[in-house]
Structure formats: structure tokens, C-alpha cells
Amino acid sequence: MTDIVLNIDGKEVTAAAGATVLDAARQAGIHIPTLCHFEKLEAYGGCRLCMVESESRGKTSYVVSCLYPVENGLVVRTRSAKVDKIRRLIIEELMAHAPEAPELVALAREYGADKDRFEKEPIYCILCGLCERYCAEVKQKNAIGFVGNGPEREISFVPEIAAKECNDCKECFPLCPTSYLQAAFVLVESLTFAPAAAEPVAAQG
Amino acid sequence: MPKLESVAALESLRSDILARRDATRPCIAVCAGAACDGLDSITVATAFKSEIAKQGLEGKVDLRVTGCHGYCEKGPNVVVGPKDVCYFEVTPEDVPGIVSATLKGEVFEERVYKDPQTGAKAVHMDEVPFYKHQTRLLIGDNPKIDPMKIEDYIAIDGYAALAKALSTMTPDEVLNEVKKANLRGRGGGGFPAGSKWETTKNAPEKTKYVIVNGHEGESAAFMDRAMLTGNPHKVIEGLIIGAYAIGAQQGFIYTRHDAPRLVEHLKAAMAQAEEYGFMGENILGSGFSCNVELHFDVGIFVSGESSGLMRSIEGNAPEPRPKYIRTSVSGIWDKPSNLNNVETWANVPQIITRGADWFTSIGSERSKGTKLVSLSGNVVNSGIVEVPMGTPLRTLIFDIGGGVRDGKSLKAIHFGGAMGGSIPADQIDAKLDFDEMSKLGAPIGAGGLLVMDEDTDMVEVARYLLDFLVKESCGKCVPCREGMYQMLKILTNITEGKGKTSDLDRLGDLMEVTSAASLCALGKTASDPLKSMMRYFKDEYETRIATGGGAGSQAI
């Protein structure tokens with residue numbers, strides 16, 4: 001397969017055809033922040049934090065690097081006033097829901113985000129979908145799903161599946177950027193999985 | 001009915017149908033479009049049926065229950081052919097009078113149009129102000145068709161365009177005609193349909209799909225369902241012609257699950273089209289085959305977004321996906337999929353029949369043909385209107401629409417539903433043109449036009465529209481889900497008198513990031529109404545924040 005040559009932050013970068021800008025950047029040691037990305041999963045494009053400025057055939061646009069395919073001659077800027085503004089606002093929006101999440105706190109520091117810009121409504125989950133997708137794509141169990149849409153969207157365990165599968169797995173816990181998942185599981189478990197709960201679960205990350 | 005095996009068989013069937021009909025015989029067309037149906041026009045139709053039976057007039061007077069005529073404001077609508085005498089607000093009690101007058105070649109004066117100011121009457125369709133300023137190339141056939149009867153469509157030259165394309169044109173010639181006609185997509189973007197077709201046609205995969213987007217989720221838009229319910233065969237004919245040009249073997253019609261009459265008519269029309277051989281295997285003996293399936297939405301606005309719609313047809317949740325690779329190249333099951341909206345497809349047959357040169361003679365320089373517009377809000381005559389592209393908004397709102405209700409003055413004109421924009425009354429001479437309206441910040445969208453009077457509260461309008469969209473976001477991406485939610489909270493605070501001076505700043509950032517960073521068109525355009533407000537009505541927002549509310553009285 002022919003290699004693609006593009007420019008990221010002034011640096012010439014070579015990537016395989018079909019790779020994404022994020023892949024190419026990471027390979028070249030250029031950092032782009034992400035919240036919903038995990039190598040073992042299909043790219044999702046939900047958090048939009050990995051947005052970069054791209055210039056192709058004289059046209060500047062803002063694209064999510066985790067999904068945007070590399071192309072020859074593409075010029076990518078991973079930081080710019082507008083990129084930073086997008087990231088800052090996304091962080092501020094998420095901090096209304098998970099103000100103490102360590103990953104968000106670190107990002108807020110880097111991008112000068114104000115955690116109090118929007119009124120707090122802590123629901124802790126930032127709906128990155130890592131748990132849901134890990135369970136579906138890697139474990140192929142579909143024990144977690146999204147319910148509701150828009151601001152009503154939330155993750156939910158499917159009791160019939162979770163009662164069988166989750167106690168011995170919990171591989172999704174460490175993926176959660178806010179640790180909400182673990183708390184949710186323990187809560188759901190205590191309420192729903194009565195038979196399985198006979199065997200106490202140690203809360204481990 | 002045996003399947004038609006050739007173009008000659010179609011023409012012979014058409015002659016038979018016409019021979020059985022007497023063009024001079026009176027035909028009473030009762031509108032059963034959504035608005036008239038809601039006004040119980042079926043009881044009017046039933047009354048006509050009984051009266052015709054009672055007077056023993058079968059064979060002397062025909063009765064037809066049809067799709068939407070357009071003048072929703074004055075329903076139930078009745079049009080008596082062949083001279084197209086229009087009766088409005090017809091009740092079952094008027095029926096004997098209308099039948100008697102019709103028999104005598106007279107007019108039942110009580111229900112003809114009367115000018116609200118002068119009292120002057122208008123009897124025929126081409127004299128009624130609402131109709132006479134229109135060019136009804138698409139919706140105009142509705143009164144002539146019982147949508148459940150394919151014969152009615154064949155009688156008015158239905159499927160002649162398909163026959164012409166299959167028997168006398170190559171797929172490339174069909175494509176070139178549509179490109180030359182510069183038919184631009186009627187669903188919102190105004191993207192040239194011919195270029196889109198060409199992309200799908202040239203995509204390497206052999207399996208290709210063509211799709212009708214009949215979702216019409218845009219608030220204040222109701223013309224597509226009038227078209228699809230009232231004249232389903234025109235859309236099917238356009239779709240099959242497109243499939244032939246593109247080389248698609250499979251078509252899909254994606255539409256609303258919650259419009260029973262639409263579903264009934266479409267199912268019947270598709271069954272008949274298959275029976276007669278206009279879709280399915282070896283269409284009209286041409287060797288070209290294309291099957292069409294009907295799919296229903298899942299009750300969420302975003303299932304009308306192209307990639308969301310395609311996920312839905314695949315059987316998945318209608319979550320949009322990024323279109324760095326266009327759906328015309330990689331759509332349903334990653335196959336090239338050409339999606340056009342109902343009105344776009346409906347334009348195809350006449351382009352083939354009458355040619356691109358004729359089509360481009362109608363409209364403005366860069367927007368050709370006519371446009372269906374759903375006219376509503378504080379306007380005297382709400383309804384479905386069809387005018388040439390380039391028609392001034394003044395004609396739409398005043399000549400056709402009869403002006404603003406209750407003698408009030410015009411404050412704003414809103415186009416494009418919840419993702420459109422509002423422009424002030426002084427833009428009344430702007431033209432209905434894709435590019436001109438986009439530049440003004442009120443893109444035509446699918447064609448929902450809302451008239452807003454002097455009492456309209458522009459903060460409430462933006463809040464109302466966002467409140468709708470917030471609930472329709474799928475919630476997958478952060479800027480759309482959270483951005484709209486925060487904008488809605490700020491606007492709600494302002495309308496409740498709790499606005500802060502910093503709010504406009506925060507709104508500015510939210511608008512910018514939501515449109516730049518959202519995954520699909522819903523989030524990208526969700527703040528467009530608000531952007532138009534900041535462009536034309538910012539002082540109203542500033543005053544509301546400064547005075548702590550207590551202003552306007554109504555939304556739309």
C-alpha cells in the first residue's frame with residue numbers, strides 16, 4: 001500500500017493509506033487530546049476534542065482527527081486559536097457534569113477552561129461510550145447500552161446480560177474517564193442483580 | 001391487471017383509460033389532504049356520494065377524493081372540473097346545492113371565494129388570489145388524482161417520462177438532462193442533484209441504492225407529505241428514472257410512520273406500480289430492473305439526516321456518522337447511495353418529458369424550476385404554495401398569503417424551520433432563491449415559511465426552536481448535545497427575566513463551537529436561528545436582558 005505524506009504542525013509525516021490523522025499524529029509523537037478514543041475500538045467521533053484544523057486544496061476546515069482519513073498534501077494544525085476555543089468550550093460543557101474528573105481537570109488547566117462557566121448539573125457520566133463500545137466490540141456481550149437521546153441520554157446496564165457477565169469482567173471500568181461507570185455498576189448491582197450480589201464485589205478500578 | 005411489457009402497452013392502456021373517460025363530464029374533487037381531513041372533509045365526500053346516488057347521477061357526475069389542493073386555510077376544499085370551480089369551507093349541508101348547480105352548469109355562489117375587503121367573488125381556480133400567482137407544476141396535479149388509483153395518474157401522462165427514458169435515452173443521457181436542468185436538491189442544501197447522481201453512478205461498487213427522503217421532520221414544513229400522499233406515483237416515477245440513470249438496482253422510500261393516510265397511499269401506489277410493471281423486474285420490457293422497499297422512520301427528527309436515515313434503513317439506531325466519505329460513495333451498507341428528497345424526485349419526470357431547456361426557463365439565474373413552500377404563522381392564507389424560484393417574498397406573503405392576520409404589521413419572516421433563520425420585514429423584497437436566502441441568513445431549507453407579526457417575541461422564537469431541537473439531538477456528540485442544552489438554558493433564563501449581560505458572550509461562543517464542531521447537520525445548523533437573531537434582532541435581546549424581561553407575548 002502506498003504511503004501518504006502529510007504535514008502536521010509543520011512536520012512532514014508519513015502514514016499508511018486509510019490511516020486517520022490521529023493515527024498519523026500519534027505515530028509522529030504529536031499529541032492530540034481525546035476522551036472517547038481507544039485503540040481497540042472503532043473510532044467514534046463523539047467527544048470532538050480531537051478536532052484539528054485541516055487545509056486541503058486551499059480550503060480550511062475543522063475535522064475530528066480520529067475519523068478524518070489522511071491524504072497527500074493535507075496540512076494539519078493540531079493547535080490554533082479556534083481549535084483551542086473549541087476544545088476549551090467542550091471541556092467547560094463537560095465540567096458542568098463531571099467537575100472533578102481528573103482527566104477533565106488536567107485538560108481544563110491546559111486549555112484555560114473555566115469549570116464554572118456553565119451551571120453545575122453533576123451526572124458524572126460524559127457519555128464517551130467507551131464502556132458501551134468495549135462491551136459490544138471487544139467483549140461482544142452488549143451488557144451496556146445507551147438509552148434516551150439529547151440531554152436525556154445515559155448509559156444503562158441490561159440487567160439480564162449484566163447479571164451474568166459483568167461481575168467476572170469489569171474490563172470497562174478502567175476505561176471510564178470519570179470513574180462514574182464503577183459507581184453506576186455498584187449501584188445497579190445492589191438494586192438489580194440481587195442473586196449475583198450475594199457474592200460481594202470488591203470495588204476495584 | 002397484467003404487467004405492461006412494453007412502452008406500446010402503456011400507451012395503449014392510456015388510450016383505453018382516456019377513451020373510457022368523458023373530459024367534459026363534471027368531476028367533483030374533494031380534498032382529503034391533512035388539513036381538510038382534519039376538518040372532516042370525508043363527511044363532505046360521503047355527502048356527495050349519497051347525493052349523487054340519490055339523484056341517480058352515477059355516470060353523469062364523477063366524484064374523486066384527492067390529496068391536498070393547497071389552500072389549507074379555507075378547507076374543506078372542493079374543486080369541480082372540468083372548469084375548476086373552487087368551493088371553500090364546504091359543509092355536508094352545501095352538497096345538494098353544489099350538485100344541483102353543477103348539473104345546470106351554474107355556480108353555487110355561497111361557497112365561492114369572496115375577497116375579505118371588497119367582497120368581490122372569484123369562481124375559478126385561476127381567478128382565486130391564492131392560486132392565481134402560483135405556478136403549480138407539481139402540486140397542481142393533486143386535484144386531478146385519486147392517489148389510490150394508478151389509472152388517474154396514467155390518465156394525466158403518468159409514467160410517460162419513465163417510458164421515454166427507458167426506450168429512447170441512455171442512462172448517461174438521462175443524467176445529462178438532469179445536470180443540464182440544474183435541478184438543485186429541495187431538501188435543504190440546494191446541492192445539484194445531477195452531480196450527486198453522477199458521484200453515485202461513478203462510484204466503483206456495483207451495488208448502488210437510490211432513496212427518497214420523505215421524512216420531512218422540519219418544523220413548519222408540510223409540503224412533502226402533501227406531495228407524497230396526494231401524488232405518490234410522481235415520486236416513484238422520478239425515483240425509477242433516477243435509478244436507471246445511476247445504475248441502481250434497489251430503491252428505498254423512507255417516510256413517516258405516523259401519517260396513516262400517507263402510509264396507506266404509498267403502500268397502494270407501490271403495489272400498483274409493481275403490478276403494472278413500473279418497478280420490479282424488466283420494467284416496461286426494457287431489461288432494466290429496480291425493486292423499491294418502503295421504510296418507516298423511528299420517530300426522531302435526526303432520522304431525516306442522510307447518514308442517520310441510512311443507518312435506520314440498515315436496521316440500526318439513526319445515529320448520524322461523519323461524512324468525510326460522502327454517502328453518495330459509501331452509504332447504506334457502505335454502498336454508494338443517492339438520497340434526494342420527495343420534491344427533488346417529483347421534479348424528475350417533467351425534466352425528462354419537457355426537457356432541461358424548458359425547466360431552466362423557469363426560476364432565477366441559479367435556482368431553477370418551482371419551489372413548494374409551506375406557508376404558515378401569522379398569515380391570512382396558510383397552505384401549500386408553489387411558485388417559480390426567484391419569486392419575491394412579498395408575492396408569497398401578500399399576494400398569495402393575503403398579508404398578515406388581523407390587520408397587524410409584519411415583523412419577521414422565518415424560513416427553514418428549527419435550523420433556519422429569521423429576517424426582518426424590510427427584507428420583504430428578497431427573492432426565493434437558494435443563494436440569496438442563504439446570504440440573508442434564512443436559507444430556504446425544505447421550504448417552511450413562517451410569517452411573524454408585530455407581537456412576536458424574537459427571544460421566545462429562538463428558545464422555542466431550540467427547545468424542539470434539543471429533544472431531537474441523538475446525544476452522541478458533545479457540542480450538539482451539551483451546546484444546545486446550554487443555549488436553551490440561557491435563552492430560557494432571558495425569557496424569564498433572569499438574563500445576565502454575560503449571556504450574549506456565552507451564547508456567541510456556544511453558537512460558534514456548536515456549529516463548527518458538531519458531528520452532523522443537526523448540530524451544525526442548530527444555532528442558525530439564533531445567529532439570524534443576533535444579526536437582525538440583537539437589540540431586542542439586549543433590551544430583554546437589561547429590563548429583566550416582561551416583553552413579548554407569543555412565539556409563533
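Only a predicted model underlies this, so the values are computations on that prediction, with no experimental measurement involved.

Glancing now at the domain arrangement of chain A. All names here are of chain A. According to the domain assignment, chain A contains domain 1 (3–79) and domain 2 (130–198). The centre of domain 1, based on its C-alpha atoms, is set 31 Å off from the matching centre of domain 2. Counting from both sides, the interface comprises eight residues of domain 1 and, opposite them, nine residues of domain 2. Summing both partners gives a buried area of about 770 Å² for domain 1 against domain 2, and 63% of it is carried by carbon and sulfur. It is Phe38, Leu41 and Tyr44 in domain 1 that bury the most area against domain 2; as a group they hold 60% of the surface buried on that side. At the junction of domain 1 and domain 2, the tally comes to zero salt bridges. At the junction of domain 1 and domain 2, the tally comes to four residue pairs in polar contact (both at pLDDT 80 or more). Tallied by class, the residues present in the side of domain 1 that touches domain 2 amount to five nonpolar, one polar and two charged.

Before going further, it helps to spend a moment on the interface of chain B and chain A. Counting residues at the interface gives 30 residues for chain B and 32 residues for chain A. A combined buried area of about 2700 Å² lies between chain B and chain A, and 57% of that area is made up of carbon and sulfur atoms. Across the chain B-chain A interface, the total number found is seven salt bridges. Put simply, Lys489 of chain B and Glu119 of chain A hold a salt bridge, and the shortest N to O gap is 3.5 Å.

Residue and element names in this part refer to chain A. Side chains Ile4, Leu6 and Ile8 project from strand β1 (residues 3–8) onto a buried face, and the interleaved Asp3, Val5 and Asn7 project onto a face without burial. Where β1 folds back onto strand β2 (residues 11–16) in an antiparallel hairpin, the turn is made up of two residues, including Asp9, whose phi is positive at roughly 50°. Of the pairings in the sheet, the one linking β1 to strand β5 (residues 75–77) comprises two bridges and is parallel in character. The residue bridging Ile8 from the neighbouring strand is Val76, located in β5.

What follows covers unusual backbone geometry. In this model, Gly75 of chain B is joined to Pro76 of chain B through a cis peptide bond whose omega is -10°. Mapped onto the elements, Pro76 of chain B comes out in the loop between β2 (62–66) and β3 (78–81). Here the amide bond leading from Gly81 of chain B into Pro82 of chain B is cis, since omega sits at 5°, within 30 degrees of zero. The topology assignment puts Pro82 of chain B in the loop between β3 and β4 (85–87). Its identity is not glycine, yet Gln140 of chain A carries a phi of approximately 55°, on the positive side. We note that Asp40 of chain B has phi near 65°; this positive angle belongs to a residue other than glycine. Inspection of the secondary structure assignment puts Asp40 of chain B in the loop between α2 (34–38) and α3 (41–54). Since its relative accessible area comes to 42%, Asp40 of chain B is described here as partly exposed.

All names here are of chain B. The four strands are arranged β2-β1-β3-β4 in an open sheet whose pairing can be described as mixed. The sheet terminates laterally at β2 and β4, the two strands that pair on one side only. Ignoring which end each strand starts from, the neighbouring axes of this sheet average 20° apart. In this structure, β3 lies alongside β4, joined through three bridges in antiparallel fashion. Looking at the pairing, Val78 lines up with Tyr87 of β4.

All right, on to the packing of helix α2 (residues 81–95) of chain A against helix α19 (residues 478–495) of chain B then. Here α2 of chain A crosses α19 of chain B at 65°, and the two axes come no closer than 10 Å. On the basis of their axis angle, the class for α2 of chain A and α19 of chain B is roughly perpendicular. Along this stretch, α2 of chain A crosses α19 of chain B, giving a crossing that reads as left-handed. Contacts from Ile90, Glu93 and Leu94 of chain A of α2 of chain A reach α19 of chain B at Val478, Pro479, Arg481, Glu482 and Gly483 of chain B. Split into classes, the residues belonging to the contact of α2 of chain A with α19 of chain B amount to four nonpolar, one polar and three charged.

The next point concerns the domain arrangement of chain B. Domain boundaries in chain B define domain 1 (25–144), domain 2 (158–360), domain 3 (370–453) and domain 4 (459–547). Each of domain 1 of chain B and domain 4 of chain B was reduced to a C-alpha centroid, and the two centroids are 45 Å apart.

This part takes up the pairing of strand β6 (residues 144–147) of chain A. All names here are of chain A. Pairing between β6 and strand β7 (residues 154–157): four bridges, direction antiparallel. The partner of Val147 across the bridge, within β7, is Glu154. Linking β6 back to β7 in an antiparallel pair, the connection comprises six residues, with Gly148 at a positive phi of about 75°.

All names here are of chain A. Of note, Glu152 is situated in the loop between β6 and β7. Note on Glu152: relative accessible area 60%, which makes it exposed. The spatial distance from the C-alpha of Glu152 to the C-alpha of Tyr134 is 22 Å, given a sequence separation of 18 residues.

Next up on the list: the state of the cysteines. Residues and elements named next belong to chain A. If you walk through the whole model with that rule in mind, you get zero disulfides over all chains. We note that Cys66 lacks a disulfide partner, and the nearest cysteine sulfur, in Cys50, lies 3.8 Å from it. A residue is classified by how much of its surface remains accessible, and Cys66, at 3% relative accessible area, is buried. The structure places no disulfide on Cys172, whose sulfur is separated from the nearest cysteine sulfur, that of Cys131, by 5.7 Å.

It is worth spelling out the packing of aromatic side chains at this point. Scanning the model with the defined rule gives 18 aromatic pairs over all chains in all. Each ring, one from Phe88 of chain B and one from Tyr113 of chain B, has its centre 6.3 Å from the other, and the planes form 80°; the classification is edge-to-face. Placement of the pair is Phe88 of chain B in the loop between β4 and α4 (95–103) and Tyr113 of chain B in strand β5 (residues 113–114), with a sequence separation of 25 residues. Under the relative-accessibility criterion, Phe88 of chain B is labelled buried at 4%. Centroid distance Tyr244 of chain B to Phe288 of chain B: 5.4 Å. Interplanar angle 75°. Geometry classified as edge-to-face. Remark: Phe288 of chain B occurs in the loop between α12 (260–276) and β9 (291–296) and Tyr244 of chain B occurs in helix α11 (residues 232–246); sequence separation between them is 44 residues. Phe288 of chain B matches Tyr244 of chain B in its accessibility class, with the two residues each being buried. Three or more aromatic residues link up through ring pairs in this structure, and these residues are Tyr71, Phe88, Tyr113, Phe130 and Tyr131 of chain B. Over the face of the ring belonging to Tyr62 of chain A we find Lys82 of chain A, whose NZ or CZ atom lies 5.3 Å from the ring centre.

Let us now look at the side chain of Asp297 of chain B. All names here are of chain B. Residue placement: Asp297 occurs in the loop between β9 and α13 (306–314). Buried charge without a partner: Asp297 forms no salt bridge, and the closest opposite charge is Arg256, 4.8 Å away. A polar side-chain atom of Asp297 sits 3.3 Å from a polar atom in the side chain of His215. A distance of 2.9 Å separates the side chain of Asp297 from the backbone nitrogen of Gly299, its partner in a polar contact. Residues within four places of Asp297 in sequence aside, it is in contact with His215, Tyr254, Thr255, Arg256, His257 and Ser303.

On to the environment of Phe537 of chain B, then. All names here are of chain B. Here Phe537 lies in the loop between α22 (528–536) and α23 (538–547). For Phe537, a relative accessible area of 7% translates into the label buried. Residues Phe537 and Ser422 lie 115 residues apart in sequence; the distance between their C-alpha atoms is 9.1 Å. If near-sequence neighbours (up to four positions away) are discounted, Phe537 is found in contact with Lys411, Ala412, Ser422, Ile423, Pro424, Met458 and Ser532.

The next thing to look at is the pattern of salt bridges. Summed over all chains, the structure comprises 52 salt bridges over all chains. The partner of Arg77 of chain A in a salt bridge is Glu55 of chain A, with the nearest N and O atoms 2.8 Å apart. One end of the pair, Arg77 of chain A, is in strand β5; the other, Glu55 of chain A, is in strand β3 (residues 51–56), with 22 residues separating them in the sequence. Judged by relative accessible area, which is 26%, Arg77 of chain A ranks as partly exposed. We note a salt bridge from Glu109 of chain B to Lys121 of chain B, for which the minimum N-O separation is 3.1 Å. Placement of Glu109 of chain B in the loop between α4 and β5 and of Lys121 of chain B in strand β6 (residues 121–122) is noted, with a sequence separation of 12 residues between them.

So, how was this worked out
Counting starts from 1 at the beginning of each chain's written sequence and moves along it residue by residue. Whichever chain is written first becomes A and whichever ligand is written first becomes 1, with later ones labelled in order. At least 70 in pLDDT is required for a residue's local features to be given in this predicted model, at least 80 for side-chain atom pairs to be given and counted, and no such filter applies to totals for whole chains, interfaces and linings, which use all residues. Only hydrogens and water are set aside; all other atoms, that is, all heavy atoms of the structure, feed into the side-chain values. The domain boundaries here were taken from an automatic or database domain assignment. In this analysis, two residues are considered to be in contact whenever any of their non-hydrogen atoms come within 4.5 Å of each other. Summed over both partners, the accessible surface that disappears when two parts come together, traced with a 1.4 Å probe, is what is meant by buried area. Salt bridges are counted wherever a side-chain nitrogen of Lys or Arg sits within 4 Å of a carboxyl oxygen of Asp or Glu. Polar contact criterion, stated in full: a pair of N or O atoms within 3.5 Å, where within protein one must be able to donate a hydrogen and the other to accept it, and residues adjacent in sequence count only if both atoms are side-chain atoms. Each residue is assigned to one of three groups, with Ala, Val, Leu, Ile, Met, Phe, Trp, Tyr, Cys and Pro labelled nonpolar, Asp, Glu, Lys and Arg labelled charged, and all others, Gly among them, labelled polar. Each residue is placed in one exposure class: buried if its accessible area under a 1.4 Å probe, protein chains only, is under 20% of its type's maximum, exposed if it is over 50%, and partly exposed if it falls in between. Put simply, DSSP marks the helices as runs of H or I at least four residues long and the strands as runs of E at least two long, and each gets a number from the N terminus on. Here, a strand pair is defined by DSSP locating no fewer than two bridges between the strands. Helix axes use the C-alpha atoms of the stretch in contact, all axes being lines fitted to C-alpha atoms, and the angles between their N-to-C directions lie in the range 0 to 180 degrees. Any angle that falls under 35 degrees is termed roughly parallel, while one over 145 is termed roughly antiparallel, one within 65 to 115 roughly perpendicular, and all others oblique. Left-handed describes a crossing in which the near helix is turned anticlockwise from the far one by less than a right angle; the clockwise case is right-handed. We call a pair of cysteine sulfur atoms a disulfide when they lie within 2.5 Å. Between the rings of Phe, Tyr and Trp (Trp by its six-membered ring), a pair exists once the centres lie within 6.5 Å; its type follows the angle of the planes, with under 30 degrees stacked, over 60 edge-to-face, and the other angles tilted. A positively charged side chain is recorded as over a ring if its NZ (Lys) or CZ (Arg) lies within 6 Å of the ring centre. The angle to the ring normal must also be within 35 degrees. Lys and Arg are tallied as positive, Asp and Glu as negative. Neither His nor the chain termini are counted.

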